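# Structural description and commentary
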Amino acid sequence: MTRKAPMKTHRQMVDEWKREPEFKATYDELEMEFTLLRELLLARQKAGLTQAEVAEKMGTKPPAVTRLETALSDQRHSPTIATLKKYAQAVGCKLEVHLVPTKAAKAS
């Protein structure tokens, strides 16, 4: 009988990969996109809406919402501020954009 290796969670795998400098640098560059994607999905979930329902409220078709949500994870396309505002309104939120000083800027 062969034993299967224990399954790792997504978080465990990412934490392990982050020990590699090249992976960590690329991952850190994408942090903003990952954060925005999490916020979009969480807002839609809290609103109890499907992608199709969000699309209807935005005045678009469901594939456009799918593209918006997946674009943030695969870097194919950056949504416009206008699109993000429509999405936010559709899920009962408002869009806020903030500039946060980087550590390097704070040290200057």
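Each chain carries its own residue numbering, running from 1 in the direction its sequence is written. Where totals are concerned, whole chains, interfaces and linings use all residues; where local detail is concerned, this predicted model gives features only for residues with pLDDT of at least 70, and gives and counts side-chain atom pairs only at 80 or more. Side-chain measures were taken over the full set of non-hydrogen atoms in the model, leaving aside hydrogen atoms and water.

The pairing test for Phe, Tyr and Trp rings, Trp by its six-membered ring, is centres within 6.5 Å, and the orientation test on the planes gives stacked under 30 degrees, edge-to-face over 60, and tilted for anything in between. Tallied over the entire structure, the rule returns 3 aromatic pairs. A centroid spacing of 5.2 Å and a plane angle of 45° characterise the contact between Y27 and F34, whose relative ring orientation is tilted. Judged by relative accessible area, F34 falls into the partly exposed class, the value being 22%. Of the aromatic side chains, those joined through ring pairs into one cluster are W17, F23, Y27 and F34. Type-normalised accessible area, obtained with a 1.4 Å probe on protein chains alone, sets the label of each residue: buried when under 20%, exposed when over 50%, and partly exposed for intermediate values.

Time to look at the nonpolar core. Put simply, a nonpolar core is a bunch of buried Ala, Val, Leu, Ile, Met, Phe, Trp, Tyr and Cys residues held in one set by side-chain atoms that sit within 4.5 Å of each other. The biggest cluster of nonpolar side chains holds 14 residues, and the ones touching the most others in it are L40, V54, M58, V65, Y87 and V91. Sorting the residues of this core by element identifies helix 3 (31–47), helix 4 (51–58), helix 5 (62–74) and helix 6 (81–90) as the ones contributing at least two each. Helix and strand definitions here come from DSSP, where helices need a minimum of 4 consecutive H or I residues and strands a minimum of 2 consecutive E residues; each element is numbered from the N-terminal end.

Our focus in this paragraph is the layout of surface pockets. The space that makes up the largest pocket amounts to roughly 860 Å³. Of the grid points, spaced at 1 Å and generated over the protein atoms alone, those admitting a 1.4 Å probe that cannot get out make up cavities, while open sets with protein on both sides within 12 Å along at least five of seven lines make up pockets; any residue with an atom within 4 Å of a point is treated as lining. Along the walls of the largest pocket sit 28 residues, with M32, L36, L95, E96 and V97 positioned nearest its centre. Sorting the residues of the lining of the largest pocket by element identifies helix 3, helix 5 and helix 6 as the ones contributing at least two each. Among the elements that make up the lining of the largest pocket, the one with the highest residue count is helix 3 (8 residues). Grid points are joined across faces, edges and corners, and a volume is the space filled by probe spheres set on the points.

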